[in-house]
Amino acid sequence: MALMAVFLISCNQGNKQEEKTQPVSHVMTKEEQIRLTPDEVLQQFIDGNKRFRRGITTVRDHSEQVRKSAPGQFPKAVILSCLDSRVPVEDVFDQGLGDVFVGRVAGNFVNEDQLGSMEFACKLAGAKLVLVMGHQHCGAIKGAIDDVKLGNITAMLAKIKPAVKMSQDFQGKKISKNDEYVKYVAENNVKYAIQQIREKSPILKEMEDKGEIKIVGVFYNLTDGTLEFLK
Ligand SMILES: [Zn+2]
């Protein structure tokens, strides 16, 4: 009897869920991508992040979206993020299948491959926004601060070292146990990546100068899911 009651309750909850939410099956079209401005994409990300933090992310019909998106993709942005498992990029902005290109590497630094990927995303595939995202409590940033040497990690952390150098003006203890300092280096690391994008990609620089794309840096707080846009 008790089991039956539990079963009925769970069925009712299931029905309520179905009534409440209509899964989104739409995927970005070329026309929609062309119409979007870089500022509108940024606003969509800000709004999506608010939904993410409130726990009301969009319910999506993935199987339908897979089918609809297969013939072509028209994403609105390219995001460079850290490898960190606590930063689920699409979820953080409540974006779905076909919405964003995501490049991930520990410490979200720029290299030739990431630049090529960004150029593909914007110049060839029509993305309007380049977003470089660093985050709180980043292990790669801490590793660069601690000058960790281990296998291929050594060469990888060397790409983050410029940000550590940029952070010498920090007032306070410059150690990886100081969260404020780690944040300061992570923010400088994002700024350095953006500087590198502009210097090493004439294609993206020109698109930015013409207003065809925006290149924006952001810091993601693990503790509450909030975003801090960097100037
Ligand atoms: Zn990280």
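Here the structure is shown first, and the text comes after it.
Now for a quick tour of the structure. (Residues numbered from 1 in each chain as written. Predicted model: local features only at pLDDT ≥ 70, side-chain atom pairs only at ≥ 80, totals over all residues. Heavy atoms only, no water.)

Digging into helix 11 (residues 202-209)
Among the residues of helix 11, Leu 204, Met 207 and Glu 208 are the ones counted as buried. All buried residues of helix 11 project into a common sector of 100 degrees when viewed along the axis, lining one side. Within helix 11, the exposed residues directed more than 90 degrees away from the buried face are Pro 202 and Asp 209. Residues of helix 11 that are buried in the fold lie against helix 6 (112-124), helix 10 (179-200) and strand 4 (214-220). Of the residues flanking the end of helix 11, it is Gly 211, one or two places downstream, whose phi is positive at about 80 degrees. (Buried < 20%, exposed > 50% of the residue type's maximum accessible area, 1.4 Å probe, protein only. Helix = DSSP H or I, 4+ residues; strand = E, 2+ residues; numbered from the N terminus. Arc of directions from axis to C-beta. Contact = heavy atoms within 4.5 Å.)

Some thoughts on the packing of aromatic side chains
Under the defined criterion, the tally for this structure stands at four aromatic pairs. Taken together, a centroid distance of 5.1 Å and an interplanar angle of 50 degrees make the contact between Phe 170 and Tyr 181 tilted. Of the two residues, Phe 170 sits in the loop between helix 9 (161-166) and helix 10 while Tyr 181 sits in helix 10, which places them eleven residues apart along the sequence. A single burial state applies to Phe 170 and to Tyr 181, both of which are buried. Put simply, the rings of Phe 170, Tyr 181 and Tyr 184 touch in pairs and so form one group of aromatic residues. (Phe/Tyr/Trp six-rings, centres within 6.5 Å; stacked < 30°, edge-to-face > 60°.)

Quick notes on the sheet that holds strand 2 (residues 100-104)
Strand order in this open sheet of five strands is 2-1-3-4-5, and the pairing throughout is mixed. The open sheet has two free edges, formed respectively by strand 2 and strand 5 (227-230), since each of these has just one partner strand. On average, adjacent strands in this sheet sit at an angle of 25 degrees to one another, irrespective of strand direction. Relative to strand 3 (residues 129-135), strand 1 (residues 77-81) runs parallel, the two being bridged by five bridges. Each bridged residue has a counterpart across the sheet, and for Leu 80 the counterpart in strand 3 is Val 132. Set on the sheet, helix 10 makes contact with strand 3, strand 4 and strand 5; between it and strand 4 the angle comes to about 165 degrees. (Pairing = 2+ DSSP bridges. Axes fitted to C-alpha atoms, helices over the stretch in contact; angles between N-to-C directions.)

What to know about the layout of surface pockets
Size it by volume and the largest pocket reaches roughly 240 Å³. Forming the boundary of the largest pocket are 16 residues, of which Met 28, Gln 44, Lys 76, Gln 95 and Asp 99 lie nearest the centre. Among the residues forming the lining of the largest pocket, the class breakdown is four nonpolar, five polar and seven charged. Around the second largest pocket sit Phe 109, Val 110, Asn 111, Glu 112, Leu 115, Lys 159, Pro 162, Asn 189, Tyr 192, Ala 193, Gln 196 and Lys 200, which together line it. Where the lining of the second largest pocket is concerned, the elements lending two or more residues are helix 6 and helix 10. Ranked by residues supplied to the lining of the second largest pocket, first place goes to helix 10 with five residues. The class makeup of the residues in the lining of the second largest pocket is six nonpolar, three polar and three charged. (1 Å grid on protein atoms, 1.4 Å probe; cavity = no way out; pocket = protein on both sides within 12 Å on 5 of 7 lines; lining within 4 Å. Points joined across faces, edges and corners; volume = space filled by probe spheres on them. Nonpolar A, V, L, I, M, F, W, Y, C, P; charged D, E, K, R; others polar.)

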